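Descriptive structure summary
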Amino acid sequence: MPQLEKVIGKKSYKISKEELDAFVADYNKVHIDLGTGDGLFAWRLAKEEEKTAVIGVDAARESLKEGSARAAKKPARGGAPNSIFLCANVLKLDDSFNNMADVLSVNFPWGTLLQAVSIPFDDFIEKMACILKDGARLNQYINMHVFNDEDQRKALGLPVLDEDYLANILFPVYEKFGLEVQGHHFIPAGQKTEVASTWGGRLTRRSSRPTLVFSCIKKESSK
């Protein structure tokens, strides 16, 4: 099995699946944040929930520098020893994370990750279902700016993300892979979300578009 790449500030190290398992075994819960960007959401979450192992995953090693460096400090200086930051393509994750997460989050995705969760890509939705434990939760925040900009939406090959699409196309794919949609709502344009994400903050404060929020629970009988 390929090794994982752990990022701490400007440095990175290889860690094994066994080392990752040992890390999460010390905590009561596991929260995995896919497409974590600068990692500040994961770092803040880890400081708030000290009994939760928080894993931030992003393909951009450079982006992970800030959050991982803060987390590596001593707790008295703002560090979060219950967090770890991994550089990996979230669309091509192996089975290292299978059946690991009590909570899985995708906050304000962009590019191919946005395509994967909104078109959606069957293989990626199935992968997210595999990462979750039975009964675990998937939380997603999707800013609607690009969907309401016709040129950007078409350039990325994105759908018209309206209520009809959600009910008849998007949510049925999640349900197919055992992710039972618990409901959805739109946070009004300009209103701050409860997700302390740098990118999300920029989108919600500076955008004239709302944010789609929805959550799923992995069914007990699913894969």
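Above this text you will find the structure in question.
Basis of the calculations
- Residues numbered from 1 in each chain as written.
- Predicted model: local features only at pLDDT ≥ 70, side-chain atom pairs only at ≥ 80, totals over all residues.
- Heavy atoms only, no water.
- Helix = DSSP H or I, 4+ residues; strand = E, 2+ residues; numbered from the N terminus.
- Contact = heavy atoms within 4.5 Å.
- Phe/Tyr/Trp six-rings, centres within 6.5 Å; stacked < 30°, edge-to-face > 60°.
- Buried < 20%, exposed > 50% of the residue type's maximum accessible area, 1.4 Å probe, protein only.
- Salt bridge = Lys/Arg side-chain N within 4 Å of Asp/Glu carboxyl O.

Side note on the environment of arginine 153
Structurally, the position occupied by arginine 153 is in helix H6 (residues 150-155). Leaving out residues up to four positions away in the same chain, arginine 153 has contacts with Val146, Phe147, Leu158, Pro159 and Val160.

Looking at unusual backbone geometry
Peptide bonds are, in most cases, trans, and in most cases residues other than glycine have a negative phi. A cis amide bond, omega -15 degrees, links isoleucine 119 with the succeeding residue proline 120. A positive phi angle, close to 60 degrees, is found at asparagine 99, a residue other than glycine. Its location among the elements puts asparagine 99 in the loop between strand E5 (83-87) and strand E6 (101-107). Phi angles above zero are rare outside glycine, and phenylalanine 108 is one such case at about 55 degrees. By the secondary structure assignment, phenylalanine 108 is in the loop between E6 and helix H4 (111-118).

Thoughts on the packing of aromatic side chains
Any two aromatic rings considered together are summarised by their centre-to-centre distance and by the angle between their planes. According to the stated counting rule, one finds four aromatic pairs in the structure shown. Here the aromatic rings of phenylalanine 108 and tyrosine 141 are separated by 5.9 Å at their centres, their planes lie at 40 degrees, and the arrangement is tilted. Residue phenylalanine 108 is found in the loop between E6 and H4, and its partner tyrosine 141 is found in strand E7 (residues 132-143); the two are separated by 33 residues along the sequence. A single burial state applies to phenylalanine 108 and to tyrosine 141, both of which are buried.

Topic: the side chain of serine 118
Mapped onto the elements of the fold, serine 118 is located in helix H4. Among the residues examined, serine 118 registers a relative accessible area of 0% and is labelled buried. Leave out the neighbours within four places in its chain, and serine 118 touches Phe147, Leu158, Pro159, Leu161, Tyr165 and Leu170.

Digging into the pattern of salt bridges
Opposite charge on two side chains lets them pair, provided their charged atoms get close. What the rule picks out here adds up to 10 salt bridges. Salt-bridge contacts for lysine 65 lead to glutamate 62; the nearest nitrogen and oxygen are separated by 3.0 Å. The exposure class assigned to glutamate 62 is exposed, which follows from its relative accessible area of 58%. The residue glutamate 150 makes a salt bridge to lysine 154 at a minimum N-O spacing of 3.7 Å. One end of the pair, glutamate 150, and the other, lysine 154, are both in helix H6, four residues apart, so they sit about a helical turn from each other.

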